[in-house]
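Structural description and commentary
So the chains spell out like this:
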Amino acid sequence: MTKEKLLALYELYPFEKHPLWQAILNCRLTKTEVLEAEKQHYLRTKSGQILRMNAAQQAKGVNENIWTSLLATAMEECIDSPSNPSHLELVRRLLLEGGIDESLFQQFRPTPG
């Protein structure tokens, strides 16, 4: 799949049309509900880091284009730096700003589905 075809999927399924974001933008969720959703986002992002790094490593030497794309995604999702926080770090900050104590993060449990 080319980069252009991959990016075209975003036009089919635009981020701002996602049901969760529609509910947030239209004020149909409480702050508590948003934070509960972000707890799930945190768990899935954290567990996905290992998968993304493994996928990038496995693609190296198999297909240069796929490896480059997977590596870029893994870098965005997994590598944290002062000038470029990782996706997980951004979710962590959102939860902290929402009033969730970091000591509770280890108690988060995935919901079904």
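Residues numbered from 1 in each chain as written. Predicted model: local features only at pLDDT ≥ 70, side-chain atom pairs only at ≥ 80, totals over all residues. Heavy atoms only, no water.

Looking at the nonpolar core
Generally speaking, a soluble globular protein has its nonpolar side chains buried in company with each other. Core analysis: the largest hydrophobic core is formed by nine residues, namely Leu35, Tyr42, Leu43, Leu88, Val91, Leu95, Ile100, Phe105 and Phe108. Taken together, the elements giving at least two residues each to this core come down to helix H3 (31-59) and helix H5 (87-97). Those residues in contact with Phe108 that sit more than four places away from it in its chain are Lys39, Tyr42, Leu43, Leu95 and Ile100. (Core = buried A, V, L, I, M, F, W, Y, C linked by side-chain atoms within 4.5 Å. Buried < 20%, exposed > 50% of the residue type's maximum accessible area, 1.4 Å probe, protein only. Helix = DSSP H or I, 4+ residues; strand = E, 2+ residues; numbered from the N terminus. Contact = heavy atoms within 4.5 Å.)

Some details on helix H4 (residues 64-78)
With 15 residues, H4 should reach 21 Å at 1.5 Å per residue; the first-to-last C-alpha distance of 20 Å fits that figure. Its buried side turned inward, H4 meets H3 and H5. Taking the backbone nitrogen of Asn65 as reference, a side-chain oxygen 3.0 Å away marks Asn63 as the first, capping residue of H4. (Expected span 1.5 Å × (residues − 1). Polar contact = N/O pair within 3.5 Å; in protein donor to acceptor, adjacent residues only side chain to side chain.)

Here we look at the packing of H3 against H4
At a minimum axis distance of 8 Å, the contact between H3 and H4 shows a crossing angle of 155°. Classified by the angle between their axes, H3 and H4 sit roughly antiparallel to one another. Regarding H3 and H4, the two cross each other, and that crossing is left-handed. Contacts between H3 and H4 involve Thr45, Gln49, Arg52, Met53, Ala55, Ala56 and Ala59 from the first element and Ile66, Trp67, Leu70, Leu71, Thr73, Ala74, Glu77 and Cys78 from the second. Along the lines of polarity and charge, the residues of the contact of H3 with H4 split into 10 nonpolar, three polar and two charged. (Axes fitted to C-alpha atoms, helices over the stretch in contact; angles between N-to-C directions. Parallel < 35°, antiparallel > 145°, perpendicular 65-115°, else oblique. Left-handed = near helix turned anticlockwise from the far one by under 90°. Nonpolar A, V, L, I, M, F, W, Y, C, P; charged D, E, K, R; others polar.)

Describing the side chain of Gln49
The topology assignment puts Gln49 in helix H3. Look at Gln49 and you get buried, because its relative accessible area is 17%. At 3.0 Å, the side chain of Gln49 and the backbone oxygen of Glu77 are in polar contact. Ignoring anything within four residues of it in the chain, the contact list for Gln49 reads Glu77, Cys78 and Leu88.

The analysis is restricted to geometry; functional conclusions fall outside its scope.
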